[in-house]
Amino acid sequence: MFNCVLLYISFPFLLEFILKFILNISNLIVFNTALLMPLTLIFPFLFFKNKTNLLKILYIFLVYMPIFINICHIFIFNSEISCASYASMFETNYQEFIEFFQHFISKNLIIFIVLFWLICGLFYIFSKELSYEIDKFKKPAIILFAILYGIFCFGDIRYKFPMEKLIANYIEYKIEQIKDKNLLKIMKNFSFNNVKSLIKNDQSELYVIVIGESANRDHMSLYGEALKTTPRFDSIRDELQIFENVRSKYCCTFKALKTILCFDEQLKNGDIVTLFKQAGFKTFWLSNQYYIENSDNITTIISLLCGQKVFVNKAHRRTKLSSNYDGDLVEHFAKFVHDSAQKKVIFVHLLGSHFPYANRYPREFDVFFPTQNTKKSREVARYNNSILYTDYILFKILNIIKLLKINSYLLYFSDHGEDVTEDPESPHCHNESIASPPMFRIPFIIWLSDEYKKLNENFIKNWDLNKQYNTGDVIHSIIDLSRLNCDSFNKNKSIFYENSSK
Ligand SMILES: [Zn+2]
């Protein structure tokens, strides 16, 4: 019996010890979660004495499960579960889940999972004896402690019980989703005021906007990386406008895309596709990102507004475990550019450098190798290979556009950056709760056709390639670059505005 009490008292400390010293996770949130342990463990022994096993199992499911999910989340992302976690969880698919799991499953996580349930199991087995001990000696003190804790933590989400937190965050996520669902209806009927084009009606226009994924410019030789990770774009450096100081506003994909594609980050304020349509453009959406069926994912909504859309990634069909490479976009792109419409805008959404990096490029692009025998070093090499492959895809797309010899531009930037270094202590990938500068450092590159340059001589004269800019305003730059205007457009927010002689 004494052993049981010892086990009970030591559980939170044991948990913390495992997390901090054996698994090397030092995080205050973990500490908070561990603090909740005594309370969550006390209640069943106080009230479930002589109660049925079913009640105990229900309690374990309601209390232990959320704690377990939360700590797993902390393991993977170094942050507690949030509304954004639900969006990532539900706006994903089987393929993305499998890739995600393969990427993040680690020895430590497995040790934690086994230990957690082992200890919970021990408590369950010994709960009868424990309740006797607690009942006899400590009941009043425990009740007092629970009341004080309840008063102290009231209203502060950080100290809420895990199940309460999970539910509160889920409700928040659902509310956001319902708001977005209604928005698709509103967006279909949305209309901008005073839409104008500075290009004459009889002129052909082909504008191509390539949105990259998780590309950090510091890994591109075009931006100074020592390894030749962008050899093709390096070779045509003179033909490109390379903006040096553009940051993404967010480092989370869905937030980043919302700010790129909509005015003031609000779908209800109008989106870039609707604007192009109103200006007489035929709109195309070409994506290698996973198509999220029956969901109100931002790219799904925007793509539904486009005249033509192709999602090449068929991985969601569950029969195919390997995802498509961005190269599969090229043949569709070639078809789109030859569409008979005179004014066309094509959005290309790459899978780019989304983890797991090794799945993003075919074997022949396995060019860079790890410098050390560490997981981080292997990740860096794979990431650089994915950047090399993106350079190849962009070059292919650009060559198709060049052949047409019409008024056109190619704009490439990434939704956000990525933190990928060999430093074992640095954060990894992109995650808002542990955001680091590399997660925002994105490439922003423009190619202009000779025909475009001729038509817009004054506009392109004094671009400031060193301008500090973030993608929160990029919709204004896209409108400006496409020589459009409307009441929602604010030229001061365009990257091209400063020093330009418009
Ligand atoms: Zn992203």
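Residues numbered from 1 in each chain as written. Predicted model: local features only at pLDDT ≥ 70, side-chain atom pairs only at ≥ 80, totals over all residues. Heavy atoms only, no water.

### Looking at the environment of Ser433
Test applied: Comment: elements are numbered from the N terminus, with helices defined as DSSP H or I runs of at least four residues and strands as E runs of at least two. Buried residues are those whose accessible area, probed at 1.4 Å on protein chains only, stays under 20% of the maximum for their type, while exposed residues exceed 50% and partly exposed ones sit between those limits.
With respect to the helices, strands and loops of the structure, Ser433 is situated in the loop between strand S8 (408-414) and strand S9 (444-448). Accessibility expressed as a relative area gives 46% for Ser433, which makes it partly exposed.

### Looking at empty space enclosed by the protein
In this approach, a probe sized like a water molecule rolls over the atoms, and the result shows the empty space that is left. The condition is simple: The definitions used throughout rest on a 1 Å grid laid over the protein atoms alone, on which a cavity is an enclosed set of points accommodating a 1.4 Å probe that cannot get out and a pocket is an open set flanked by protein within 12 Å on both sides along at least five of seven lines; lining residues are those having an atom within 4 Å of a point. Grid points are joined across faces, edges and corners, and a volume is the space filled by probe spheres set on the points. Just so you know the grouping, Ala, Val, Leu, Ile, Met, Phe, Trp, Tyr, Cys and Pro go in nonpolar, Asp, Glu, Lys and Arg go in charged, and all remaining residues, Gly too, go in polar.
Throughout the structure, instances matching the rule amount to two cavities of 30 Å³ or more. The volume enclosed by the second largest cavity comes to roughly 60 Å³. In terms of lining residues, the second largest cavity is bounded by Ala215, Met220, Thr230, Phe233, Ile387, Thr390, Asp391, Leu394 and Tyr412. Per-element tally for the lining of the second largest cavity: the top contributor is helix H14 (residues 375-404), with four residues. Split by residue class, the lining of the second largest cavity holds six nonpolar, two polar and one charged.

### So, the pattern of salt bridges
Stated formally: Each salt bridge in this description consists of a side-chain nitrogen of Lys or Arg and a carboxyl oxygen of Asp or Glu lying within 4 Å of one another.
What the rule picks out here adds up to nine salt bridges. Lys343 is paired through a salt bridge with Glu205; the nearest N and O atoms lie 2.5 Å apart. Taken together, the positions of Lys343 in strand S7 (residues 343-349) and Glu205 in strand S2 (residues 205-212) put the pair 138 residues apart, joining distant regions of the chain. Across the salt bridge formed by Arg232 and Asp391, the nearest N and O atoms sit 3.7 Å from each other.

### Some words on the coordination of the zinc ion
Our working rule: Any N, O or S atom lying within 2.8 Å of the metal counts as a donor, and for Na, K and Ca the limit rises to 3.2 Å; water is left out, so some sites can look incomplete.
Every protein donor of the zinc ion is listed here as Glu213 (OE), Thr253 (OG1), Asp415 (OD) and His416 (NE2), and their distances to the metal cover 2.0 to 2.1 Å. Summarised as a motif, the one-chain spacing of the donors to the zinc ion is E-x39-T-x161-D-H. Placement of Glu213 in the loop between S2 and helix H9 (231-235) and of His416 in the loop between S8 and S9 is noted, with a sequence separation of 203 residues between them. According to the relative accessible area criterion, Glu213 is buried, its value standing at 1%.

### Digging into the nonpolar core
Convention followed: What we call a nonpolar core is a set of buried Ala, Val, Leu, Ile, Met, Phe, Trp, Tyr and Cys residues that are connected through their side-chain atoms within 4.5 Å. Contact between two residues is taken to exist if any of their heavy atoms lie within 4.5 Å; hydrogens are not considered.
Counting 53 residues, the largest nonpolar core has Ile209, Ile272, Phe276, Tyr409 and Leu481 as the members making the most contacts within it. Looking at which element gives the most residues to this core, the answer is helix H16 (residues 474-481), with five residues. Contact partners of Ile272, with chain neighbours within four places excluded, come to Leu261, Phe347, Ile475, Ile478 and Ile479. By size, the runner-up hydrophobic cluster in this structure holds 45 residues, among which are Ala215, Leu286, Val330 and Phe355.

### A closer look at the packing of helix H10 (residues 253-261) against helix H12 (residues 298-305)
The axes of two packed helices give the description: the angle between them and the distance between them. How we decide: Between N-to-C directions, angles span 0 to 180 degrees; the directions come from axes that are lines fitted to C-alpha atoms, helices contributing only their stretch in contact.
One can describe the packing of H10 onto H12 by two numbers: an axis separation of 9 Å at closest approach and a directional angle of 35°. Contacts between H10 and H12 involve Phe254, Leu257, Lys258 and Leu261 from the former and Ile298, Thr299 and Ile302 from the latter. Of the residues contributing to the contact of H10 with H12, the split by class is five nonpolar, one polar and one charged.

### Thoughts on the side chain of Lys344
The condition that has to hold: Each polar contact in these results corresponds to two N or O atoms within 3.5 Å; when the atoms are within protein, one needs to be able to donate a hydrogen and the other to accept it, and residues that are neighboring in sequence are counted only if both atoms are side-chain atoms.
Turning to its location among the elements, Lys344 is positioned in strand S7. Side-chain polar atoms of Lys344 contact the backbone oxygen of Asp339, separated by 2.8 Å. Setting aside its immediate chain neighbours within four residues, Lys344 contacts Glu205, Leu206, Tyr207, Phe281, Lys282, Phe284, Phe336, Val337 and Asp339.

### Brief notes about the sheet that holds S9
Within a beta sheet, neighbouring strands are joined by backbone hydrogen bonds and run either parallel or antiparallel to one another. Just so we agree on the cut-off: Note on pairing: two strands pair once DSSP finds at least 2 bridges between them.
With mixed pairing, the seven strands of this open sheet are ordered in space as S3-S9-S8-S2-S7-S5-S6. Edge positions in the sheet fall to strand S3 (240-243) and strand S6 (308-311), since each has one partner strand and no second. Here the average twist between neighbouring strands, direction ignored, is 10°. Bridging between S2 and S7 involves seven bridges; their strand directions are parallel. Opposite Tyr207, over in S7, you have Val345 as the bridge partner. Contacting strand S5 (282-287), S6 and S7, H12 runs over the sheet at an angle of about 145° to S5. Sitting on the sheet, H16 touches S2, S8 and S9, and the angle it makes with S8 is about 165°.

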